[in-house]
Each structure stands twice: as structure tokens, then as C-alpha cells.
Amino acid sequence: MSHINSLCVKEPHDPRTTKPHVLPIYATSSFAFENIDEGIAIFSNQKEGHGYSRYANPTVDAVAGKIASLEAAGTGLQAAGLLFSSGQAAVSTMVMGLLKSGDKILTQGNLYGGTTELFVKIFQPLGIETILTDLHDLDKVEEFLKKDDKIRLLYCETPANPTHACVDLPALASLAKRYGKYSAVDNTFATPMLQQPLRYGIDFIVHSTTKYLNGHGNSIAGALVTTHTEQMRMGGHIWQAMKLAGTNCSPFEAWLTHNGLKTLALRMERHSQNAQRIAEFLQQDKGVVQVNYCGLPSHPDHAIAKQQMSAYGGMLSFELAGGLEAGIRCMNRIRFCTLAPTLGDVDTLILHPASMSHLHIPKEVRLANGITDGLIRLSVGIEHAEDIMGDLAQAIGS
Ligand SMILES: *Cc1c(COP(=O)(O)O)cnc(C)c1O
């Protein structure tokens, strides 16, 4: 190679010949083959390898594999993972990979709002119906599963927004198994540090890694983990849905997620300690009529949470005595906490759903999901608990 313009174009060296200490970002859309036979073997799924980054990418695979190993850690189970462009992409790709027109999903009414909308606005018109029920009522769930053989997937979220409602994972997993259905859980709030649904026989776990797994609020991505490893391999149904719908994660977002993941254990411990302390503190405040945190013995689902979680995480909500006016007043007085519509970051985030995230939702629908006028949602960060409590006390101002 003697021409300077060719030199401009060529890669300077093979990045695979040295061993990086930290996971590198494979910012490459494709991978070169040794010869045509290798290309054919990889493209026909005969050989594991990389050809095109929508199909698989080494940075993305490494992070997906790590999340799968966290979900399976200590369970003795084999799990596989895939990473997606968002939590929503993880849910939609799972549904596309597992279900077809005529199939039904049985789920709860208080899912993450985007998930309910996805099921109702996108999948329902495509012929996949969603049935909403209270998943606390196990007899009712069993009745549905028994009588409706079109139900293919039992989908739940625990703890759920904003009231921290929890559902019984071992019981739901065993009902799904008994009637030959798939079970899935959104484990975004708990993370595998606090709750490992595979342990209880749940088939699929979805994550918005945007939240706690990243923890630093600098990427949007999602993950899917399952013991049905054949679905996730090249050629498997879910892998195929990802590849064809193009819901794959970018290597840069995967890398940011991985950077955050390294401190997940430390962060979840502190999030949980701070949230417990703040929940107890808020219970003493005269301006607060109710605190929703499943780590409090007074929470209606405390017993369920205690059975399946090792700690209760960083999310909580509380109800102000003064309703809508008190909610807006509290938001205007907040100084230390940040008003932002996400959760799971290292810093404390606060939201008043009635005037922010749920402003355009009809009041009766909002109330039916526990989102009352004076409800405040808090994503408790890892700062010193006293700084958070001081800010809340002055903002509530009772
Ligand atoms: C944010 C969130 C999602 C959606 O994830 P995105 O990464 O925003 O697509 C799904 N489930 C829960 C519980 C969430 O908090």
C-alpha cells in the first residue's frame, strides 16, 4: 500500500490483536470474513460469529451476556440475553418473537404507561389482544388461563409504578407453567440485585436499562433475558424479530450501560437504604397522608415483596394532604432534588404525575391507577439521605 490516499482509508491496525482492559466499543457496521466459506457459515447461522451489527455486535453481546449472567447468578440456570434500543424495544421484540395474531396477553392495569399503550395501541390492532386484570387475585388469573387457550403470555411488573404494588412471582410463574403459557416480568425497578425472577420459574425478564442498570441517565436501552436460550440464538424467534424489525442496541449505548452496571451492587444497596429511611421519615410528616413503599410493613404488598426481594429499591411515592395545590407548591419549592421524568439515576428525581406525566390522562383513569392529585413520585438517589430529607421537609413545608 503505497498511496497516501489509501493510507487515509485503511484501518491502522487490527484492534483485536491487543487485549483491552475495558470493553471496547466496536463501532463497526460489519465484520470482515476470512473467506467466503466463513461468510456463508455465519450468514446461515451454522457458525457463531459476527457479520453485520444489526444481527450481533461484540460490545452489545458482551453487555447482554453480562445482564443475563446477573439474572441467573446463583440460580444454577442457563440464561441468554439480548440488548435493544430501548426498554420498549425489548418488550415489543419479545411480543413479536413469541406471539402471533389471535394470541392474547394477560396482564395488570398498572404497568409502565408506555407498555400498556404499546399493547393496546400497537399490538391490539394487529390482532394480539390484551386482557387487564388484578394479578393479586390468583383465582381469577387461574380462571382466565384455564378457560382461554388463546392466552399465550402472562406479563407482569413488580414493584409497579407509582404505588409500589407487588405481585407474587412464584405463584404466577407456576400458574403460567401449569397451563402452558409463557410468563414475563418487567424487572426494571428491582434489578437482579434485589429480585431474580428466573429463580421463581419466570420465563422472560425485560429491563429498561435506561434506569437502574445504567444508573447515570446517559443512555436509552433495553434488555431481554430468558432461560429459553434457543429463542435468543442466531436463528431463534426473538433474535429473528430483533434482526428484522431492527430493534437492536447500538454499541455506544451498550457500552454506557456496561459502564454503569459495574457499580450496580453498590448503588442498589444505597438506593434501598436511603429510600427506606426517607419512607419512614415521610410517614412522620403531618403534611403527608400516605407513603407507598413496599419496604414499609404497612404497605399492602409488603409480605409479597419480602418473600421475593432482598431489599426494596429506590422508588417510592407519597400523598400530600393538600391535593393538587399542595403537589404543585411542593414541586415549586424543591431545590436539591431534580424535577425530571425518568428514574433510577444516582441523583434524586421527583415528579408530580397529576401535573406532569399524567396531565393528559383523564382524571378517572388516573385515579383508578392510584395517581391521585397530591401524589408525588420520588426516585431516591445515592446522595446523603439527610440532604434529600431536608429538601423534602422544606418543600412540603408542614
Ligand atoms: C422506563 C420504563 C420502561 C420503558 O423503557 P424505555 O427504556 O424508556 O423504553 C419500561 N418499564 C418500566 C418499568 C420503565 O420504568
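Above this note sits the structure.
If you're wondering where the values come from, they're calculated on a predicted model, not measured in any experiment.

### Structural notes on the packing of helix H13 (residues 323-333) against helix H15 (residues 385-396)
And then number 1: Between H13 and H15, whose axes approach to 8 Å, the crossing angle comes to 130 degrees. In terms of their interaxial angle, H13 and H15 are classed as oblique. Helix-helix and strand crossings are classified by hand; for H13 and H15 the assignment is right-handed. On the side of H13, the interface is formed by Arg329, Cys330 and Arg333, while H15 contributes Asp391, Gln394, Ala395 and Ile396.

### A word on the pattern of salt bridges
And then number 1: If you walk through the whole model with that rule in mind, you get 10 salt bridges.
And then number 2: For Glu117, the salt bridge identified is with Lys121, shortest N-O distance 2.6 Å. Of this pair, Glu117 and Lys121 both sit in helix H5 (residues 113-123), four residues apart, roughly one helical turn.
And then number 3: Under the relative-accessibility criterion, Lys121 is labelled exposed at 55%.
And then number 4: By sharing partners, the salt bridges in this structure join Lys100, Asp103 and Arg152 into a single network.

### Section: a negative patch on the surface
And then number 1: Where like charges cluster on the molecular surface, the negative patch consists of Asp134, Asp137, Asp139 and Glu143.
And then number 2: Following the sequence through the fold, Asp139 ends up in helix H6 (residues 138-147).

### Some thoughts on the packing of aromatic side chains
And then number 1: Across all of its chains, the model carries six aromatic pairs by this definition.
And then number 2: Centroid distance Tyr52 to Tyr55: 5.9 Å. Interplanar angle 85 degrees. Geometry classified as edge-to-face.
And then number 3: Look at Tyr182 and Phe204: their rings are 5.6 Å apart centre to centre, the planes differ by 80 degrees, and that puts the pair in the edge-to-face class. Of this pair, Tyr182 sits in strand E5 (residues 182-186) while Phe204 sits in strand E6 (residues 204-208), and the two are 22 residues apart along the sequence.
And then number 4: Pairwise contacts between aromatic rings join Phe33, Phe43, Tyr52, Tyr55 and Trp239 into one cluster.

### Some details on the site of the ligand
And then number 1: What surrounds the ligand is the set Ser86, Gly87, Gln88, Tyr112, Glu157, Asp186, Thr188, Ser208, Thr210, Lys211, Ala221 and Leu343.
And then number 2: The contact in question runs from an oxygen atom of the ligand to an N or O atom on the side chain of Ser208, over 2.8 Å.
And then number 3: At a separation of 2.7 Å, an oxygen atom of the ligand approaches a polar side-chain atom of Lys211.
And then number 4: Class assignment of the residues belonging to the shell around the ligand gives a composition of three nonpolar, six polar and three charged.

### Side note on the side chain of His299
And then number 1: Examined against the element boundaries, His299 turns out to sit in the loop between strand E8 (288-292) and helix H12 (302-308).
And then number 2: For His299, a relative accessible area of 6% puts it in the buried group.
And then number 3: Beyond its immediate chain neighbours, meaning those up to four positions away, His299 contacts Thr163, His164, Ala165, Asn292, Tyr293 and Cys294.

### Quick look at the nonpolar core
And then number 1: Counting residues in each nonpolar core, the largest one holds 75 residues, and the members touching the most others are Leu83, Ile278, Leu282, Leu316, Phe318 and Leu392.
And then number 2: Inspection of this core shows a minimum of three residues originating in each of domain 1 (4-261) and domain 2 (265-396).
And then number 3: If sequence neighbours within four positions are ignored, Leu392 has contacts with Ile278, Leu282, Phe318, Ile334, Ile350 and Leu378.

### Re the sheet that holds strand E11 (residues 349-351)
Hydrogen bonds along the backbone pair up the strands of a sheet, which may run parallel or antiparallel.
And then number 1: Here five strands make up an open sheet; going across it, the order is E8-E9-E12-E11-E10 and the pairing mixed. Edge strands, defined here as strands with exactly one partner in the open sheet, are E8 and strand E10 (338-339).
And then number 2: Strand direction decides the pairing type here: strand E9 (residues 315-320) and strand E12 (residues 375-379), joined by five bridges, are antiparallel. Bridge pairing in E12 links Leu316 to Leu378.
And then number 3: The sheet strands contacting H13 are E9, E10, E11 and E12, and the helix crosses E9 at an angle near 125 degrees.
And then number 4: Its contacts with the sheet place H15 against E8, E9, E11 and E12, and it is angled at close to 20 degrees to E9.

### Regarding a nonpolar patch on the surface
And then number 1: On the surface, a nonpolar cluster with roughly 280 Å² of combined accessible area is contributed by Phe33, Phe43 and Tyr52.
And then number 2: Residue class for Tyr52 comes out partly exposed when judged on its relative accessible area of 35%.

### Some details on the environment of Gly97
And then number 1: Following the sequence through the fold, Gly97 ends up in helix H4 (residues 87-98).
And then number 2: Taking relative accessible area as the criterion, Gly97 reaches 11% and is therefore assigned buried.
And then number 3: The spatial distance from the C-alpha of Gly97 to the C-alpha of Lys150 is 16 Å, given a sequence separation of 53 residues.
And then number 4: In this structure, Gly97 is in contact with His237, Ile238 and Ala241, ignoring residues within four places of it in sequence.

### Observations concerning helix H11 (residues 264-283)
And then number 1: With 20 residues, H11 extends 28 Å from end C-alpha to end C-alpha; this agrees with the ideal 28 Å at 1.5 Å per step.
And then number 2: What H11 keeps buried is the set Leu264, Arg267, Met268, His271, Ser272, Asn274, Ala275, Gln276, Ile278, Ala279 and Leu282.

### Quick word on the environment of Ser174
And then number 1: Its place among the elements puts Ser174 in helix H7 (residues 169-178).
And then number 2: Considered as a pair, Ser174 and Gly201 are 27 residues apart in the sequence and their alpha carbons are 7.0 Å apart.

Conventions used here
Residues numbered from 1 in each chain as written. Predicted model: local features only at pLDDT ≥ 70, side-chain atom pairs only at ≥ 80, totals over all residues. Heavy atoms only, no water. Axes fitted to C-alpha atoms, helices over the stretch in contact; angles between N-to-C directions. Helix = DSSP H or I, 4+ residues; strand = E, 2+ residues; numbered from the N terminus. Parallel < 35°, antiparallel > 145°, perpendicular 65-115°, else oblique. Left-handed = near helix turned anticlockwise from the far one by under 90°. Contact = heavy atoms within 4.5 Å. Salt bridge = Lys/Arg side-chain N within 4 Å of Asp/Glu carboxyl O. Buried < 20%, exposed > 50% of the residue type's maximum accessible area, 1.4 Å probe, protein only. Patch = residues over 30% accessible without salt bridge, like charges linked within 9 Å, V, L, I, M, F, W, Y side chains within 5 Å. Areas by Shrake-Rupley, 256 points an atom, 1.4 Å probe, with all protein chains shown as cover. Lys, Arg positive; Asp, Glu negative; His and termini not counted. Charge placed at Lys NZ, Arg CZ, Asp CG, Glu CD. Phe/Tyr/Trp six-rings, centres within 6.5 Å; stacked < 30°, edge-to-face > 60°. Near = heavy atom within 4 Å. Polar contact = N/O pair within 3.5 Å; in protein donor to acceptor, adjacent residues only side chain to side chain. Nonpolar A, V, L, I, M, F, W, Y, C, P; charged D, E, K, R; others polar. Core = buried A, V, L, I, M, F, W, Y, C linked by side-chain atoms within 4.5 Å. Domains from an automatic or database assignment. Pairing = 2+ DSSP bridges. Expected span 1.5 Å × (residues − 1).

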